[in-house]
Amino acid sequence: MDILIIFQTMVKLLLLLILGYALNKLHILDETTNRKLSDLIVNVSTPMLIISSVSSADGGNRMAILGVLGGAFLLYIGLVLFGELAARLPIFDNKDRSENACMMVFSNSGFMGIPVMQSIYGLEAVFYNSIINFPYNIFIYSYAVLRLSSGQNSEDGKRKLNFRAMLTPGLIMAMAALIIFLTGIRLPSMILDVCDMVGSMTSPLSMLVLGSTIALYPLKESLTDGTCYLFSCFRLIIIPLIALGFCRMLGIDDFYTGIVTLSCAMPVGSMVLMMANRFGGNTERISRTILVTTLLSVITIPLIATILTLTQ
């Protein structure tokens, strides 16, 4: 593995975040713009990115890929269970239980994971990462919406569930993408080109919105928030090591083990913030945690990659 390439990829994404921060301080972006851009990302660009990635993928042996897809669903079910349990630990605030649970589950495996995995395993890893992200897309538009949507957190950390809010364009497009992949439907090239053009905005826009949202809160308080560092131990170290351990116990080969482990080793996904902006979650808590986990991931991702190499 080329650790330098991984480090360079992380730095590029951090520079986008810093640009978003600067644009907010220059009054080019503000809280209202963040919400509108979040709507654009959640309801337009991300769904089109899903369709684009699926339609351009080489299906190959669909039965084998269905096995990977089934394993990916089991992975996210395990992450949800782990997140729900970890978010209830007394070291975390009950009123942020929904946010903490979602941040445990959803890493930046798409926006940050793809360039990192491509730098290590090549283009083939991008396709399999998109397969693993099928359940990510379904869970982010169902579980995350369910967790973040209805009302404010109560003191005991519970929310009223809003199932109607789950029926979003993102969930509909994620299900449509799965059908397209399984049936081998080929969309017209003009439609795919539009999906690709719009979908390619997702990663830079998300990092810009993240940086702009972080600028709304005192930077010093984010970097000195001990809870964020404690949470980072779970998100960046404990979760990927558990995933690595399970893969080794099950005898999964090094290629798939690397993809799963690195996917779990990414910092908190910016899509959690997009959803919180859209559905009324605690954006301050999420922004702080994303900032800290993203900064720390510059160190922890190369560390996890090294552990992967040593355990092969």
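Residues numbered from 1 in each chain as written. Predicted model: local features only at pLDDT ≥ 70, side-chain atom pairs only at ≥ 80, totals over all residues. Heavy atoms only, no water.

A separate point is the overall build of the protein. What the protein contains, in helices and strands, is 15 helices and zero strands. Buried positions account for 54% of the 312 residues belonging to the protein. Looking at the protein alone, contacts between residues at least 24 apart form 84% of all its contacts between residues at least 6 apart. Accessible area for the protein stands at about 13500 Å²; split by element, carbon and sulfur atoms hold 68% of it. (Helix = DSSP H or I, 4+ residues; strand = E, 2+ residues; numbered from the N terminus. Buried < 20%, exposed > 50% of the residue type's maximum accessible area, 1.4 Å probe, protein only. Contact = heavy atoms within 4.5 Å. Areas by Shrake-Rupley, 256 points an atom, 1.4 Å probe, with all protein chains shown as cover.)

This part is about the confidence of the model for the protein. Low pLDDT marks stretches whose predicted atomic positions should not be read closely. Mean pLDDT over the protein: 82, with 87% of residues reaching 70 or higher. Contacts of residues 151-157 to residues separated by more than four positions or lying in other chains number 19 contacts, the stretch itself having pLDDT below 50. (pLDDT = per-residue confidence, 0-100.)

A cluster of nonpolar side chains, Ile237, Ile238, Leu241, Ile242, Phe246, Met249, Leu250 and Ile252, forms an exposed patch at the surface whose accessible area comes to about 730 Å². Note that isoleucine 242 resides in helix H12 (residues 226-249). Note on isoleucine 242: relative accessible area 35%, which makes it partly exposed. (Patch = residues over 30% accessible without salt bridge, like charges linked within 9 Å, V, L, I, M, F, W, Y side chains within 5 Å. Salt bridge = Lys/Arg side-chain N within 4 Å of Asp/Glu carboxyl O.)

Pairing between side chains of opposite charge can happen when the charged atoms of each approach one another. Taken as a whole and assessed by the stated rule, the structure comprises nine salt bridges. The salt bridge partner of aspartate 96 is lysine 95, with a shortest N-O separation of 3.7 Å. Residue lysine 95 is classed as partly exposed on the basis of its relative accessible area of 35%. Salt bridges sharing common partners tie together Lys95, Asp96, Glu221, Asp225, Glu284, Arg285 and Arg288.

Once that is clear, we can look at the nonpolar core. One finds Phe106, Met271 and Met275 to be the most contacted residues of the largest nonpolar core, which totals 87 residues. Aside from chain neighbours lying at most four places away, what touches phenylalanine 106 is Tyr136, Phe139, Ile140, Tyr143, Ala144, Arg235, Val268, Gly269 and Val272. (Core = buried A, V, L, I, M, F, W, Y, C linked by side-chain atoms within 4.5 Å.)

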